[in-house]
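Breakdown of the fold
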Amino acid sequence: MDRDRSDPVLNANDEWAIEEALQIAERTPDTEIVALCMGPDEAGSTVRKALSYGLDGAIQITDPALSGSDAAATARVLAAALAGQEFDLILMGNQSSDARTMLVPAMLAAHLGLPALTFARHLEIDGDVVTAHRETPAGYQVVRATAPVVVSVVEAINEPRYPTFKGIMAAKKKTIDVRDLAAIDVPATQVGLDGSATAVVDIAPRPPKDAGRIVADDGSGEVGAKAFADWLVEQKIL
Amino acid sequence: MTTLVVVEHDAGTLGKVSGQILTAARGLADDVHAVAWGPGAADVADQVGAFGGSTVHVFDDPVVTAYATRPQAAVVAAALDASGAETLLYPADPFITDVVATVAVAREAGVITDAVDLASDDAGGPVATKAIFGGDMISRCRVKPGRLACIGVKANAFAGEAAGGGPAEVDVLDVAVDDAARAMEVVEVVEQSSGDRPEMTEASIIAAGGRGLGDAEGFRLIERLADALGGAVGASRAATDAGWYPHQHQIGQTGKTVAPQLYIGSGISGAIQHRAGMQTSQLIAAINTDGDAPIFSIADFGVVGDLHKVIPALIDEIEQRTS
Ligand SMILES: Cc1cc2nc3c(=O)[nH]c(=O)nc-3n(C[C@H](O)[C@H](O)[C@H](O)COP(=O)(O)OP(=O)(O)OC[C@H]3O[C@@H](n4cnc5c(N)ncnc54)[C@H](O)[C@@H]3O)c2cc1C
Ligand SMILES: Cc1cc2nc3c(=O)[nH]c(=O)nc-3n(C[C@H](O)[C@H](O)[C@H](O)COP(=O)(O)OP(=O)(O)OC[C@H]3O[C@@H](n4cnc5c(N)ncnc54)[C@H](O)[C@@H]3O)c2cc1C
């Protein structure tokens, strides 16, 4: 699949995760924030964007064999990259903006044997007890677990800040810890197209739709409403 | 071939989407099983049978609602063992996706999300169709042969059709929920009333509003339109950011993807990030004062006009024609 059609950008939902990490660090002295990204070389610019918010460091897992990994393979790699690292909180977006599978956070948690407080729209940390409000269609569910935990966040959680000029300049000087598969001890057979459990059969553009019927209202609302209701009847909605 | 379906229920009443997915499962497998948990789980047996399921595996211990994700994953794993299913279908809903993701890691299974169509393929499991890149492209994908295939099915992708079967056999699962599975405690469940309206991701009709509503009060109009059609209320990010409507109703790239039979966007321009969440709706209608608004380029039907005039008149028309 051609995923090279656009420049890699920082996933929108991950900006909320970064913002939440920054806010936690502001409240909790001695917090260290490290970005972790699995992606091709070009994703380096994305990692630097993340660093420009003022993060302390970054790890990028990159290897030609990773190309085409599915969500399960991605989670396997991220888990392997975290082995031996110390952390209390893994913050993620609830979904990526391209594939939007929403699988990676829970899969990563399953690999690490940690609770997954996903779809959080509010997060509280009290000592090592983490409480999240998980968004449901009808409201939210309050869940509680003890760190270390995996958290994924939804857009409602905060308002992300912009990186400062100082942050952008500092990010340019920071070194990214780049590792290949060998460094994290993952066999190439477990990643990429061959190592993924799913496979794409084919991809095609969506068939074009017929042009719709557009009606101009006369300002009273009546003309538009009548045509609309006629159309609803025609479509057997009414 | 056996397919296992994760079914949702409200104290024993099967959700509409579950009936749709059981119907889809019949097209794939000669034997369809279901799994349900929580209080009243066994009460779904009649309804599962009516949709053609032979067996429902249940676990109604309250531990599955007192702790999140891992206990439910243990139930699904036990049902997979009991049924011997090669395919697991589930509603493409966030919390169930978490449960399935957890099971998939343990089983080295493949997960395909947001399927809108399923075809059986003798060469090795079902082929799922999904809309990708905001609905611009259609992809068909599969899980590799020999692996458990977990496929999330979108609401309203299939019409639920009863098969007229008798009650499904109830198999009460014996699931050990260990301490590790109790790591995430559910402290409280807070419902914020959306009245009697259907959930947005399940509804077959959605009336959505955007910045063109002018203020939060504008959403009362959208709610009245939704109620006249028995639909749900959706919103653009401009509207949720302004605090006019709760965030969980946001449709789009950073909100929810919906695929109802009919989506009506009023006072919404149709920015690409909004379209990424709704352009796979079967029918799209729009009301906008600007005839050049991008939403008209994907609309099946549109009115160029002021929503404050058109919607009240439309509600009257609907009421007249349905009374
Ligand atoms: C159009 C399309 C459809 C796809 N469909 C499927 C499918 O049905 N099943 C499947 O198994 N795979 C699928 N994939 C592959 C899958 O997207 C990739 O494996 C990807 O690396 C995982 O990301 P996601 O989009 O699924 O993440 P999501 O689970 O949606 O992302 C949630 C969060 O996980 C974190 N995250 C995700 N990827 C990374 C990463 N590489 N590095 C660091 N953090 C990360 C981020 O914080 C992100 O916000 C698809 C890919 C595309 C392009
Ligand atoms: C990373 C990122 C993610 C995003 N994610 C989302 C997302 O998930 N969902 C989303 O919706 N947006 C999202 N956006 C925002 C998106 O780009 C648009 O800004 C947003 O969708 C605009 O909302 P709107 O159509 O309500 O407002 P506008 O674009 O301001 O459109 C208002 C429309 O109302 C019409 N109008 C005004 N008055 C009337 C009237 N009286 N009667 C009828 N029509 C009237 C106007 O002609 C106009 O077309 C995202 C943006 C970014 C950068």
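Residues numbered from 1 in each chain as written. Chains lettered and ligands numbered in written order. Predicted model: local features only at pLDDT ≥ 70, side-chain atom pairs only at ≥ 80, totals over all residues. Heavy atoms only, no water.

1. Remarks on the site of ligand 1
Inspection of the region around ligand 1 gives 32 residues, with A:Asp14, A:Ser96, A:Thr101, B:Val111 and B:Lys130 positioned closest. More than one chain approaches ligand 1, the contributing ones being chains A and B. Within the contact set of ligand 1, an oxygen atom lies 2.8 Å away from a backbone nitrogen or oxygen of A:Ser69. Within the contact set of ligand 1, an oxygen atom lies 3.1 Å away from a backbone nitrogen or oxygen of A:Gly93. Burial of ligand 1 by the protein amounts to 89% of the accessible area it has alone, namely 930 Å². Counting only elements with at least two residues in the shell around ligand 1, the list comes to strand S1 (34-38), helix H3 (71-82), strand S3 (89-93) and helix H4 (104-112) of chain A together with strand S7 (110-115) and strand S9 (127-132) of chain B. (Near = heavy atom within 4 Å. Polar contact = N/O pair within 3.5 Å; in protein donor to acceptor, adjacent residues only side chain to side chain. Areas by Shrake-Rupley, 256 points an atom, 1.4 Å probe, with all protein chains shown as cover. Helix = DSSP H or I, 4+ residues; strand = E, 2+ residues; numbered from the N terminus.)

2. Comments concerning the environment of A:Met169
All names here are of chain A. Here Met 169 lies in helix H5 (residues 165-173). The exposure class of Met 169 is partly exposed, given its relative accessible area of 35%. Put simply, Met 169 and Gly 57 are 112 residues apart on the chain and 14 Å apart in space, counted from C-alpha to C-alpha. (Buried < 20%, exposed > 50% of the residue type's maximum accessible area, 1.4 Å probe, protein only.)

3. Quick word on unusual backbone geometry
Residue and element names in this part refer to chain A. For the bond running from Ala 147 to Pro 148, omega is 5°, close enough to zero to count as cis. Residue Met 102 is not a glycine yet carries a positive backbone phi of 60°. Tracing the backbone through its elements, the reader meets Met 102 in the loop between S3 and H4.

4. Considering the packing of helix H6 (residues 218-229) of chain B against helix H9 (residues 307-322) of chain B
Residue and element names in this part refer to chain B. Here H6 crosses H9 at 25°, and the two axes come no closer than 10 Å. With respect to their mutual orientation, H6 and H9 come out roughly parallel. Between H6 and H9 lies a crossing of left-handed hand. For the pair formed by H6 and H9, the contact residues are Leu 221, Ile 222, Arg 224, Leu 225, Ala 228 and Leu 229 on the first element and Leu 307, His 308, Ile 311, Pro 312, Leu 314, Ile 315 and Ile 318 on the second. Here the residues of the contact of H6 with H9 are counted per class, giving 11 nonpolar, one polar and one charged. (Axes fitted to C-alpha atoms, helices over the stretch in contact; angles between N-to-C directions. Parallel < 35°, antiparallel > 145°, perpendicular 65-115°, else oblique. Left-handed = near helix turned anticlockwise from the far one by under 90°. Contact = heavy atoms within 4.5 Å. Nonpolar A, V, L, I, M, F, W, Y, C, P; charged D, E, K, R; others polar.)

5. So, a negative patch on the surface
A cluster of like negative charges, contributed by A:Glu86, A:Asp88, A:Glu124, A:Asp126 and A:Asp128, occupies part of the molecular surface. Positionally, A:Asp126 belongs in strand S4 (residues 116-126). (Patch = residues over 30% accessible without salt bridge, like charges linked within 9 Å, V, L, I, M, F, W, Y side chains within 5 Å. Salt bridge = Lys/Arg side-chain N within 4 Å of Asp/Glu carboxyl O. Lys, Arg positive; Asp, Glu negative; His and termini not counted. Charge placed at Lys NZ, Arg CZ, Asp CG, Glu CD.)

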